[in-house]
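As a plain string of letters, each chain reads:
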Amino acid sequence: MKLIDKAKFSATALAVAGLFTTSAGFLESAPAYAKAPPKQQVVLDASAVAVADKYSADAAEQIFKEGGNAVDAAVAIAFTLAVTYPEAGNIGGGGFMTLYINGKPYFIDYRERAPLAATRTMYLDEQGNVIKGKSLYGADAVGVPGTVAGMWEAQHRFGKLTWKQVLAPAIKYARDGFEVDEQLAQRRENAEKDFGGKTNFDTYFGNLKQGVNFKQPDLAAVLTRIANQGAREFYNGKTADLIAASMKKDHGLITKRDLQEYKAVWRQPVQANWNGYRVITAPPPSSGGIGLVQLLKMKADRKDDFNNVALNSPQYIHLISEIEKRVFADRAQYLGDPDFYKVPVAQLTDDAYIAKRASEVNPTTPSDTKSVQPGLGTSMPEKAETTHFSVVDKWGNAVSNTYTINGYFGSGVVAEGTGIVLNDEMDDFASKPGVPNMFGVVGSDANSIEPKKRPLSSMSPTILTKDGKVSLVIGTPGGSRIFTSIFQVINNVYDFNMPLNEAVATMRFHHQLLPPNTIFWEPYKPIDGDLAKQVEAKGYTLQAQNFNGDIQAIKINGETPQPVSDPRGRGVTRVIP
Ligand code: GLY
């Protein structure tokens, strides 16, 4: 007999009866669907994952061996990374999940929201200037977390296993510990310098040192409660009480009511036809999906200019930068939370509009930055950290998930008694429209702060299908570099016919309108030597960024999934027959 755990059963019963409480937002939004586990016709040789660390790969393998599908594995990975990849994996943040289930696309927006007490000017001083660091560190920087609600929605709707089963690996790692590797230890050290004793970060993570078996008993208790009681525990139970008390003590804005009213939202993903493929990607409040579609289509519109232009040659870098310039001009002007601002998605992804923008590309020299205005009528920075994972199952379902607490270890605030690292996602709002955020990107009124609003994101979990079957599952962290990185890897695979591992490992670069004519290069594969001289000779300034990206992707070759983890990170792949 199929096991139905109590939490899942009670939510299903409520859904059927239409009895949604008004006190718990994630239940208010409980869908009108009955639970519909995907069909089970085997179409691939194996299931596969590309994930940010080995513990989450082990968790996925366990879930597949227990008979779970891609959604069960994805939810287990997300909770595991919250324990073993605490710099970006989370339950104290939010994100986006793009799904392809039984041949149909879905998208869950579980992005954080501004607290009810948030105001448009909350990060400005009396002179109207941005107070440095206020939206980045400490309790003021925290948005209302969405991850637990998002995972609940996905697993409840499409999972095969019980909610308890998918939480079990994470609980084990939190309770029994996991071995800390060098990269994680280094990231903790860097973060501690940023937080500078201003938060309680050190109390919880001071011992996160290389080689240590790191245990998180408070987090284990939280995860156990969530496993037993469902997502409502996080938003309306003891965990909610602890988060609210901790925020009150630190003079943060989030109250229990904020948690109770939080909702994850099923949205229509952005979809476009490109090069014989269907691109399924993130809609607003992400800017990334629209940006990705514009990049792919503008490059296709200018294909004659790319004839005989070598990958990552000076001319290639110039042409791509010209295209990126126009995409970032639109991004700064038109994108924000669609529940608050009417984002012109159809116009921005319309073929004729994109062709017009493409026609403005100057094939020889950089266009004057000031002349590149938003096409329907400014640029901003987000933090580059975040984490992504890609999953396919042998039944042909796919999950592409990017989630974040913004910077590594978020705001540096750990909700007392929970071990939950809280995000600093409020920095992704335009604190003062026209002033760059942490990624150097500028925002407009579309992305100004309002209670319950979601900040603009670049996270772009993406799935490409061909003839109804999954071809590629891809995503990466990187703030505003996310969709330019995904774009480059897709180009490398489909335009340059590179095997996925090469396509991911190859050099990447980034331009985002502002600073003017500046091309960012990555430490992993710098733009240097003759290439640097030739790019500079074209009129560009080169700038190092302290971030590499971390693509996690799976390509389906025939019936065989080929997962690839970016050599820039500590990710791993796993194929589970
Ligand atoms: N905080 C990074 C992003 O949302 O894109």
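Residues numbered from 1 in each chain as written. Predicted model: local features only at pLDDT ≥ 70, side-chain atom pairs only at ≥ 80, totals over all residues. Heavy atoms only, no water.

Asks: Is there a simple way to think about the UniProt feature "active site" (unreviewed entry) in the protein in this case?
Replies: Within this structure's numbering, the places UniProt gives as "active site" (unreviewed entry) are T386. Within the secondary structure, T386 is located in the loop between helix 17 (351-359) and strand 9 (387-392). Excluding residues that lie within four positions of it along the chain, T386 makes contacts with A88, T402, Y403, T404, N406, M459 and P477. In terms of polar contacts, T386 uses its side chain to reach the side chain of T404, at 2.8 Å. (UniProt positions renumbered as here; feature names shortened; annotations may be inferred. Helix = DSSP H or I, 4+ residues; strand = E, 2+ residues; numbered from the N terminus. Contact = heavy atoms within 4.5 Å. Polar contact = N/O pair within 3.5 Å; in protein donor to acceptor, adjacent residues only side chain to side chain.)

Asks: I keep staring at the site of the ligand and nothing clicks. Help me out?
Replies: Near the ligand you find 10 residues, and of these R111, N406, E425, D428 and S457 are the closest. In this structure, R111 approaches the ligand through a side-chain N or O atom, which is 2.9 Å from an oxygen atom. The contact in question runs from a nitrogen atom of the ligand to an N or O atom on the side chain of E425, over 2.8 Å. Coverage of the ligand by the protein chains reaches 100% of its 190 Å² of free accessible surface. Here the shell around the ligand is built from residues that sort into one nonpolar, four polar and five charged. (Near = heavy atom within 4 Å. Areas by Shrake-Rupley, 256 points an atom, 1.4 Å probe, with all protein chains shown as cover. Nonpolar A, V, L, I, M, F, W, Y, C, P; charged D, E, K, R; others polar.)

Asks: Looking at this structure, I do not really get the pattern of salt bridges. What am I missing?
Replies: Opposite charge on two side chains lets them pair, provided their charged atoms get close. This structure, assessed with the given rule, holds 31 salt bridges. For the salt bridge of D241 with K256, the shortest nitrogen-to-oxygen distance reads 2.8 Å. Placement of the pair is D241 in helix 11 (residues 238-249) and K256 in helix 12 (residues 256-260), with a sequence separation of 15 residues. Between R302 and D305 there is a salt bridge, with its nearest N and O atoms 2.7 Å apart. By relative accessible area, which is 14% here, R302 ends up buried. Where salt bridges share partners, they join E322, K325, R326, D330, K356, R357 and E360 into one cluster. (Salt bridge = Lys/Arg side-chain N within 4 Å of Asp/Glu carboxyl O. Buried < 20%, exposed > 50% of the residue type's maximum accessible area, 1.4 Å probe, protein only.)

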